[in-house]
Structures are given as structure tokens and as C-alpha cells.
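For reference, the chains in residue letters:
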Amino acid sequence: MRVIQLGLFWHQHRHTQRHMASAVAPSSQRVDDEEIMGQIEKKLVEWEECETANEYFDIPYRNPFKKQISDPLLNRFGGSMGPYADSLITDIDGVPYINASAYPADYLPGNSPEYSYIATMCPKLETFEHFWLMAWAKKAKLIVNLTNRRDRVGSAPGDKQERYWPPYRAGTSTEAESASWRIRVETIDEQESTTMVGLWRSYVRITLPGSIEKPRLVVLFSYVDWVDFGKVHDINKPAFHHNAMQVVRLIDEVQKNAQSLAVEKDSYILVHCSAGVGRTGTFITLTRVLHELETLRSGDQQVKFLDRMQTFIFQVICHLRIRRLWMVKTEFEYATIFAGVLAFVRGKSLPIVWREDSLFQNESGKMSTSIQCDDVDVETMNNEDVNNYNVQ
């Protein structure tokens, strides 16, 4: 069975991990693909029949349990979706507060190497400059945008997304205001994938005026087809598995770019959806599990693989929730992590290919096709989603 390769960053450590696992547990042996797939498929059928992934509700810290920062201007959803006060990012020059939570490379559980991540909300008009200053301060080379093309566009309490890199949304004053920002943001190119519907790649150059440092290039991936608040009765359906496979393909592409860009521990990967908790937490958790998969395969065989993996997922989500509320917000997202591992082991996806012709020509001032929100009536769907965030 062919297995999707998640980039050289972690793949090169697999041989070492196997010997390390053998040294710790001499009686252990590597669980094969068929066994892994069988165990996960059985669990997904169970959840489908019960219409609930009931183990999800055993994970602690699901609801807010510490003091949060409420800011109607700088947070989305009426201001109530703020980070915990004891986990603020406070080392961004000129930005006393930003709705973001940092996860350094050595923070999450497991033995395999990991990148550093920042989970954050989709920037509002009021926070575009703050977001890019954070990208500079945290040496970001990669951004993962998981907002859906049908998420309502805007910066009002019930809105869920904005385009925060040029060209900015028509009808706003962002273009003029950006002239006085402390950071310069330019879109150099933008490409659509020809083999993965809904995936875009934007090249953004950021420059800090007056700094002796050279301008930096940031690669921004936008996957616009991951629907927020999937329904539990859709677990194990074809669309559910398709979404999980697409997320795995995105993770693979991010890892390849992290490798080619030589992303180090001090260079944070910025990940956001709308609030920066549900899809964002799912993306980071699934990434962590796939990086740790070889070690999980080789554990003590007295404990079933699925139980070892589920315990590890619990641990990762708990670590995420200690610093940011509601990470992996729904049981549908929790089940998506399992389906993602299943898709990874099956290994039947196509490589991601990008259009060769440029869709965005910034230097000449000519702007053609770029990522846009569909012109559809999504009021009902968005109102339902916003209610899930308890907007005040």
C-alpha cells in the first residue's frame, strides 16, 4: 500500500523513530496499513450509526475555563472569542493585543519533530496591520487560511472572513489606509491548483520600512472548501471522507513548502479559519498525529493501535485547549482527524499541481482573477454558524 509522503521534514526521521520505539518496547512491532484502516473504518461506522462521536465529549477544557480577553473591536463574533489572558502574544512591537495563541515547536506532545504554530482568527479590517506585524515578528514564511468561500465576508460581529492581503475588498478604505501602516504588504503572484478544487497559493512580500532586514516572502495557502460546522449525521459519508482527504493533501503541501523554505523552530506557521479554533485546531491536531504516526504504529501491541492514537489525539487537543478555547470545536471535526489518518494511510490522492500562468500581475498594475467569495445567498447558513459561537 502506497503511503502519502508528508514532506522530508518528518519522513527522514521515521527510521530513527522505529529503532527508538523498539528500544523502549522490545516486544512491540509495527502495525500494518490494513490493520490501521480496519480499526479506523470500524470506529467511523460506529459513530455513523450512533450519529455521535461520543468520545469527543470526554476531552477536557472544551468550554472556556479561564479569563478571556473580550474586545468587540479587535475580536470577531462580538468580541467574545478572545484568547486566554495567560496565553497572550506580547512580543510584537507596537501591537499590545492580538487574538492569537502560540504553540512553539516543543510544546505539543510526542517524540517526532514539529513546527511552531500560531492559531489566530481571520483578520478584521481593524487588525490587518497587526496581523502582518505578527507575521514579521514571528518570522512567518507560511500562512494557512481555512475560511470557506461561502463564509460571510466582512468585519461586523456576524461576519466570518476578509481578504487581508492585496487586492483588498472593494468598498473599503484599506488600500488608502495601508499607506500609513508600519509594514508594507504586496501580493506578488496568486495561483489556483488544477488538481485540488478550492486551493489557492498566494505569494506575499512584506517589508518593514526603516528596517535593515530585507523584505520577506510569505506563502499563503487558502483552502476555501472546508465547511464550518459539519453535521454529525454526515460522518462517514463520501463528502466527509473527501474533505478529510483534501485536508491531508493540504497538510502535505504545507510540509513540502516548509521544507523548501527551510522553516525553523523560530519561524511560526500561522493558521486560521474564522474564529481560529475549530478548523484551525483540527488542522494542527491532524498534522501532529500524522507526524507522530510512525511512533504510534510501533507502540506496545497489548494496547490496540486505535486506542493509542485516540489517547494521543486527546493529549494534543488538551494541550491546544490549555492555550486557546474550543480548539477542535465539534465532534464532526474530531471525527475528521480519524478520517484524515485513514486517508493518509490509504494513500490514493493525486499530487497538487498549480497553474503555470500567473493569475495576478502586481508589478504592472494589472489585476486579473484572484480568490473571491461566491456570490450566493448564504445568510441562513452563516447565521446558524454564528450562533454556534455565542455571539453577543
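The rules behind these values
- Residues numbered from 1 in each chain as written.
- Predicted model: local features only at pLDDT ≥ 70, side-chain atom pairs only at ≥ 80, totals over all residues.
- Heavy atoms only, no water.
- Phe/Tyr/Trp six-rings, centres within 6.5 Å; stacked < 30°, edge-to-face > 60°.
- Lys NZ or Arg CZ within 6 Å of the ring centre and 35° of its normal.
- Pairing = 2+ DSSP bridges.
- Helix = DSSP H or I, 4+ residues; strand = E, 2+ residues; numbered from the N terminus.
- Axes fitted to C-alpha atoms, helices over the stretch in contact; angles between N-to-C directions.
- Buried < 20%, exposed > 50% of the residue type's maximum accessible area, 1.4 Å probe, protein only.
- Expected span 1.5 Å × (residues − 1).
- Arc of directions from axis to C-beta.
- Contact = heavy atoms within 4.5 Å.
- Polar contact = N/O pair within 3.5 Å; in protein donor to acceptor, adjacent residues only side chain to side chain.
- pLDDT = per-residue confidence, 0-100.

Concerning the packing of aromatic side chains
For the structure shown, the criterion picks out 17 aromatic pairs. Three or more aromatic residues joined by ring pairs form one cluster here, namely Trp47, Tyr56, Phe57, Phe314, Tyr334 and Phe338. A cation over a ring is seen here: Lys138 above Tyr268, with NZ or CZ 5.3 Å from the ring centre.

Examining the sheet that holds strand β5 (residues 199-207)
Read from one edge of the open sheet, seven strands run β1-β2-β7-β3-β6-β5-β4, paired in mixed fashion. On the outer flanks of this sheet lie β1 (100-103) and β4 (184-192), each paired with one strand and no other. Looking at each pair of strands side by side, their axes are set apart by 20° on average, direction ignored. Bridge count between strand β3 (residues 142-145) and strand β7 (residues 268-272): four bridges; the pairing is parallel.

Notes on the pairing of strand β2 (residues 116-120)
Among the five residues in β2, five count as buried, and that is most of the element. Residues Ser116, Ile118 and Thr120 point to one face of β2 and Tyr117 and Ala119 to the other, with burial holding for every one of them. Examined bridge by bridge, β1 and β2 share four bridges and lie antiparallel to one another. For Ser101, the partnering residue across the bridge sits in β2 and is Ala119. Here five bridges tie β2 to β7, and the two strands are oriented parallel to one another. Each bridged residue has a counterpart across the sheet, and for Ser116 the counterpart in β7 is Tyr268.

Observations concerning helix α3 (residues 33-50)
The first and last C-alpha atoms of α3 sit 26 Å apart over 18 residues, in line with the 26 Å expected at 1.5 Å per residue. Burial in α3 covers these residues: Asp33, Ile36, Met37, Gln39, Ile40, Lys43, Leu44 and Trp47. Angularly, the buried residues of α3 cover 165° about the axis, an arc narrow enough to put them on a single face. Those residues of α3 that are exposed and angled more than 90 degrees off the buried face are Glu34, Lys42 and Glu49. In this structure, the buried side of α3 is in contact with α6 (238-260), α7 (278-297), α8 (305-323) and α9 (331-346). For α3, the side-chain oxygen to backbone nitrogen distance between the N-cap and Glu34 is 3.3 Å, and the N-cap itself is Asp32. At the C-terminal side of α3, Glu51 shows a positive phi close to 55°.

A word on the confidence of the model for the chain
Scored by pLDDT, the chain has a mean of 87; 84% of the residues are at 70 or more. Predicted confidence for residues 1-5 stays below pLDDT 50, and this span has 25 contacts to residues more than four positions away or in other chains. Taken together, the stretch residues 362-370 has pLDDT below 50 and engages in 19 contacts with residues farther than four places along the chain or on a different chain.

Notes on unusual backbone geometry
The residue after Pro166, namely Pro167, is reached through a cis peptide bond having omega -5°. Mapped onto the fold, Pro167 is located in the loop between β3 and α5 (174-177). Located in the positive-phi region is Glu51, a residue other than glycine, with phi close to 55°. Tracing the backbone through its elements, the reader meets Glu51 in the loop between α3 and β1. In this structure, Trp326 is a non-glycine residue whose phi angle is positive, near 60°.

As for the side chain of Thr120
Mapped onto the fold, Thr120 is located in strand β2. Taking the relative accessible area as the measure of exposure, Thr120 reaches 2% and is therefore buried. At 2.7 Å, the side chain of Thr120 and the backbone oxygen of Asn99 are in polar contact. Not counting the four nearest positions on each side in its chain, Thr120 is found in contact with Asn99, Ala100, Phe131, Met134, Val271, His272, Cys273, Ala275, Gly276, Thr280 and Arg324.

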